[in-house]
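Structural characterization, general
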Amino acid sequence: MTFIKKSTMAFKLSCCTLGMLAIPQTFAQTISGKVVNNAGKPSVNSQIVLGHSNKKVFTDNQGYFEISGLDAGEYELHIVAKNYSHFNQHVSVGDNDLSGLLYTLKPSVMENIDVYATPLHSSSIESALPINVLSSDELRLKQASTLGETLKGELGVHSSYFGPVSSSPIIRGLDGPRVMVTQNGLDVSDASRVGPDHIVSSEASTATQIEVLRGPATLFYGSGAIGGVVNVVDNRVPSSIDNQVDYLVKHNDVSDENEASFNVNSGVELDNDTALAFHVDAFYRESNDYKIPLTALEHDEDEEHEGETEEEHEEHEELTDILENSSSRAKGYNAGVSYIMDNGFIGFSYGYLDRKYGLPGHEHHHEDEHEEDHDEAEHDEHEEEQVYSILEQDRYQILSDLTFDNDVFHRVATKIAYTDYIHQEIEDGAPGTTFKNKMFETRFDLYHKPLNDWKGAFTLHYKKSDFEAIGEEAFTPPSKTAMTALAWLEEKHFDQFLVQAGIRLEHVSLKAEPTDESENFIPLNNDMKDQSFTPLSSSLGVVWNYTPGYNLGLSLGYSQRAPSASEVFSNGPHIGTSTYELGALYKIDEATEQVVLSDKEVELESSLSFDVTLRKFEGDLGFVVSAFYNRIDDYYFQRNTGFTSEIFEDEEEHNEADHEHEEESFLPIYAYEQSDVDLYGLESELIYQVSSNVTAKIFGDYIRAKLTDGDNLPRIPPLRVGSEFSYTGENFSATLTAQRYFDQNKVAENETSTEGYTMVDANVNYYINNIGDDFVVFLKVDNITDVDARVHSSFLKDVAPLPARGVSLGVRGSF
């Protein structure tokens, strides 16, 4: 699969049998034909992609296409069209006549979209592992200010929700260092996996599609993807000279948010075989503190307003119908250029990102003799004392995809990125803690020619990260992480079966470089500072197309994960989560209530996983049902120890300090421990085309995660079910969605349960003709019933409910 493919709804087709001979030729050949729908009418603008090459064309107004300049060899022909199912066929190009071919499409209610996240060709339907893909209008409708909120409605995906300012995706109950977030297949290289208050640096508003691989993807991305992968695809490195301009402008009233974004692609032909392609995109978003439902204020109203006068009560109520310190501002741009040849392309891009956002629930209030004077000067001082984060990122990226004629290999895909990232947590107007991450990553996928119909690739992958945390609340010391890996992937079609197999071996080294400031309480010896691991991963998958329009996917995988630096070396207060974190090298001696070095070895996580997925993707009724089981030995998790940072206080200072003030400042201690866990669950989606205009969908997912000793893992999302009704007319479309999140009572030790809620959302699109290629006025209403919704997987569930009823109005278009 190459980067020249565009995302679109996929389709499957039946077609006439091709007579093909496999006689090698030294001259270029041509494939041509016509694509029609099941009524025999031309399929206009269908995408024709020829695998193992960089060839892609679209059908014309009569349904005709032509792909020329082909060398003799074996190819995969893919034809993609909206609202039709997808079929790929092996084509042998030689001295045979491949002109005048006729393909007839079969309608489908299911989306089938090509996926860029895997080295071998894959799609949302043709994969042993379940895959979610957001693209086109659906992506624009679900797009939010954070990646977690954008994806939270996808099957098997939830959000860590640190207010609207920061959230990361949770895949099947796993997040943080187990879920890899990538940009065009390379690590986003931020600090989002260190804590939920660190926002993912990828941006959805300028993306063309977002892919979610549910389940272990260590073969493709290494041990950091043992829980899954989220790949954000954009066109910052262009691969064609097609002229395209996309834009969006919108306003949301729940946080007074304004947003604008655009993408521009163009290029010039240099000669018959080469061209230069250009790309630029940019976005800007700014919001104030967001409103919360009034019902969110009532559950503790008696305690909050005890002893207040009626006037004070009204003033307090007016001030707290918003979540303070939840405003944000973000801006960024990408610019890229590519040199396009007949056998592929090579391109370069530069991207810049700048974000500033508050940390809800984190404000500093200093008591002094003038505290009772609520004058303007004190108000300004209070504004300065708010805690917020700022980040900047510079990212340089090179992408290349080239085919060539060789007896063994025929294609090489290269990805290289260098990222310079800085994140500061600002307290009292000055940096309190600074996080820096400089990362270099390179990946080469070398594809061999088909051998006995086996197609595959060898991957060489290298990544090096220089991470640094500086400041009084730097809970993890500076560290360097290096990873080198070699992987081998293969697949082959056996009649109705597609068999996929692979193996990956990597070496990971962690080296802590503690400073006097970061080395809290206990010095580490050299053996502890230097950790090395050799994770091994392998998988076997089968897709069985047992009858037309159906398939069954089975996947068995063994994966290992090396721990992250923060899981091993942490020892300090984490301001974002209001916790004190201890890495796996430490423990609390309950007898002395002191932090000591742990006597346990730091081990690899080892996962044995099994997935089964049943799909129906043709006709008016379609469905996907997935079940999974994942046993992880030596799983790293944060256990609430029941202790607080009071244990670090000197006894004399403790006696002299104001007890009430201390109670407010002490942080609960969370320690990384290892234990064996079982995770299993079910995900299902059913879509029915009620009529040519109306579609109904029901969906749901369930995750169960527990330690083998019977205890529950913390912050696991609850059972969720939902329904969606969509209407599509000539110039109008509308969708109504309702989701029920059930109570979560299966909680870990020292964790509280969370009440369920029902979330109802709606959107309306009005399409206006004769304004460019596409012009849409859209209206979106979230949380129509203004329900008080608490996210169980959030560290801030008691502080930051989901926003109140919000209305978004905007326009988007292209030309």
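Calculation criteria
Residues numbered from 1 in each chain as written. Predicted model: local features only at pLDDT ≥ 70, side-chain atom pairs only at ≥ 80, totals over all residues. Heavy atoms only, no water. Helix = DSSP H or I, 4+ residues; strand = E, 2+ residues; numbered from the N terminus. Buried < 20%, exposed > 50% of the residue type's maximum accessible area, 1.4 Å probe, protein only. Contact = heavy atoms within 4.5 Å. Areas by Shrake-Rupley, 256 points an atom, 1.4 Å probe, with all protein chains shown as cover. pLDDT = per-residue confidence, 0-100. Core = buried A, V, L, I, M, F, W, Y, C linked by side-chain atoms within 4.5 Å. 1 Å grid on protein atoms, 1.4 Å probe; cavity = no way out; pocket = protein on both sides within 12 Å on 5 of 7 lines; lining within 4 Å. Points joined across faces, edges and corners; volume = space filled by probe spheres on them. Nonpolar A, V, L, I, M, F, W, Y, C, P; charged D, E, K, R; others polar. Salt bridge = Lys/Arg side-chain N within 4 Å of Asp/Glu carboxyl O. Pairing = 2+ DSSP bridges. Phe/Tyr/Trp six-rings, centres within 6.5 Å; stacked < 30°, edge-to-face > 60°. Lys NZ or Arg CZ within 6 Å of the ring centre and 35° of its normal. Patch = residues over 30% accessible without salt bridge, like charges linked within 9 Å, V, L, I, M, F, W, Y side chains within 5 Å. Polar contact = N/O pair within 3.5 Å; in protein donor to acceptor, adjacent residues only side chain to side chain.

**Quick notes on the overall build of the protein**
For the protein, the count of helices and strands is 11 helices and 44 strands. Within the span of the protein, comprising 815 residues, buried residues form 55% of the whole. A separation threshold of at least 6 residues defines the contact pool for the protein, and within that pool the share at least 24 residues apart is 68%. As displayed, the protein offers around 34,200 Å² of accessible surface, 52% of which is attributable to carbon and sulfur atoms.

**Quick word on the confidence of the model for the protein**
The predicted model of the protein has a mean per-residue pLDDT of 85, with 87% of residues at 70 or higher. For the stretch residues 1-26, pLDDT sits under 50, and the model shows 115 contacts to residues farther than four places along the chain or on other chains. Below a pLDDT of 50 lies the segment residues 364-384, which in the model reaches 15 contacts outside its immediate sequence neighbourhood of four places, other chains included.

**Notes on the nonpolar core**
With 31 residues, the main nonpolar core has Y290, Y357, L391, F467, Y757 and L802 as its most contacted residues. At the level of elements, β22 (344-363), β23 (386-403), β26 (454-471) and β42 (757-767) are the ones that each hand at least two residues to this core. Examining the composition of this core, we find that three residues originate from one element, β22, more than from any other. Dropping the residues within four chain positions of it, L802 is found in contact with E149, K152, Y161, Y290, P293, Y757, M759, A789 and V791.

**Digging into unusual backbone geometry**
Excluding glycine, most residues fall at negative phi; most peptide bonds, likewise, are trans. Not every positive phi belongs to a glycine, and N750 is a case in point at roughly 65°. By the secondary structure assignment, N750 is in the loop between β41 (732-741) and β42. Although it is not a glycine, N783 sits at a positive phi angle of roughly 55°. You can see N783 is positioned in the loop between β43 (774-782) and β44 (806-814).

**Here we look at empty space enclosed by the protein**
Applying the stated rule across the entire model yields 13 cavities of 30 Å³ or more. Taken as a whole, the largest cavity encloses approximately 620 Å³ of empty space. D187, R193, M439, T481 and S564 are, among the 34 residues lining the largest cavity, the residues nearest its centre. Where the lining of the largest cavity is concerned, the elements lending two or more residues are β14 (179-183), β25 (430-451), β26, β27 (479-494), β28 (497-512) and α9 (565-569). Across the lining of the largest cavity, the residue classes break down as 16 nonpolar, 12 polar and six charged. Here the second largest cavity is characterised by a volume of approximately 500 Å³. Taken together, 30 residues make up the lining of the second largest cavity; nearest its centre are D175, G176, Q638, R715 and F795. Looking at the lining of the second largest cavity, the elements that each hand over two or more residues are α9 and β37 (621-644). No other element matches the four residues that β37 contributes to the lining of the second largest cavity. Among the residues forming the lining of the second largest cavity, the class breakdown is 13 nonpolar, 11 polar and six charged.

**Brief notes about the pattern of salt bridges**
Overall, the coordinates contain 35 salt bridges when judged by the stated rule. E513 is the salt-bridge partner of K480, the closest N and O atoms lying 3.9 Å from each other. Placement of the pair is K480 in strand β27 and E513 in the loop between β28 and α8 (526-529), with a sequence separation of 33 residues. Exposure remark for K480: the relative accessible area of 32% places this residue in the partly exposed category.

**With respect to the sheet that holds strand β17 (residues 228-233)**
Hydrogen bonding along the main chain pairs the strands of a sheet, whether they run parallel or antiparallel. Strand order in the open sheet formed by five strands is β11-β16-β17-β14-β15, with mixed pairing between adjacent strands. Lying at the two open borders of the sheet, with one neighbouring strand each, are β11 (131-135) and β15 (186-187). The pairing of β14 with β17 spans five bridges and is classified as parallel. Looking at β17, one finds that M180 is bridged to V229.

**Regarding the packing of aromatic side chains**
Taken as a whole and judged by the stated rule, the model has 18 aromatic pairs. Considering the side-chain rings of Y635 and F637, the 6.5 Å spacing of their centres and the 25° angle between planes classify their relative orientation as stacked. For the ring pair Y741 and Y757, a centre distance of 4.8 Å and an interplane angle of 15° mean the geometry is stacked. Placement of the pair is Y741 in strand β41 and Y757 in strand β42, with a sequence separation of 16 residues. Three or more aromatic residues joined by ring pairs form one cluster here, namely Y333, Y350, Y352, Y396 and Y418. The ring centre of Y388 lies 4.8 Å from the NZ or CZ of K356, which sits over that ring. Sitting over the face of the ring of F742, R740 holds its NZ or CZ atom 5.8 Å from the ring centroid.

**Details of a nonpolar patch on the surface**
Judged by side-chain polarity, V268, L270, F278, V337, Y339, I346, F348, Y396, I398, Y418 and F440 come together as a nonpolar surface patch covering roughly 890 Å² of accessible area. Going through the elements one at a time, β21 (328-341), β22 and β23 are the ones with two or more residues in the nonpolar patch. Relative to the elements of secondary structure, L270 occurs in the loop between β19 (257-269) and β20 (275-287).

**Digging into the environment of G553**
Here G553 lies in strand β31 (residues 550-561). For G553, a relative accessible area of 0% puts it in the buried group. Those residues within four positions of G553 in sequence are excluded, and the remaining contacts are A128, V542, V543, D611, V612 and T613.

**With respect to the pairing of β41**
Judged by which residues are buried, β41 turns out to be one-sided: S733, T735, T737, Q739 and Y741 face inward and are buried, whereas F732, A734, L736, A738 and R740, on the alternate face, are not. Pairing of strand β40 (residues 720-728) with β41 involves nine bridges; the strand directions are antiparallel. Looking across to β41, one finds that E724 is bridged to T737. Where β40 folds back on β41, the antiparallel hairpin that results is connected by three residues. Bridge count for β41 against β42 is 10 bridges, and the pairing is antiparallel. Residue Q739 lies in a different strand from β42, and its bridge partner there is M759.

**Quick look at the side chain of R443**
With respect to the helices and strands, R443 occurs in strand β25. Using a relative accessible area of 3% as the deciding quantity, one classes R443 as buried. Only 2.3 Å separates the side chain of R443 from the backbone oxygen of F220, close enough to count as a polar contact. In terms of polar contacts, R443 uses its side chain to reach the side chain of D445, at 3.3 Å. Setting aside chain neighbours within four positions, we find R443 in contact with P119, L186, F220, Y221, A413, T414, K415, T459, L460 and H461.

**Topic: the environment of T295**
As for its placement among the helices and strands, T295 is situated in helix α4 (residues 295-298). By relative accessible area, T295 is classed as partly exposed at 37%. Setting aside residues up to four positions removed in sequence, T295 forms contacts with D786, V787 and D788.

**Topic: the pairing of strand β30 (residues 536-547)**
Here β28 pairs with β30 via nine bridges, running antiparallel. Of the residues in β30, the one forming a bridge with L505 is L536. Relative to β31, β30 is paired through eight bridges, and the arrangement is antiparallel. Bridge pairing in β31 links V543 to G553. Linking β30 back to β31 in an antiparallel pair, the connection comprises two residues, with G549 at a positive phi of about 90°.

**A closer look at the side chain of N325**
You can see N325 is positioned in the loop between α6 (310-319) and β21. Among the polar contacts listed, one links the side chain of N325 to the backbone oxygen of L359, at a separation of 3.0 Å.

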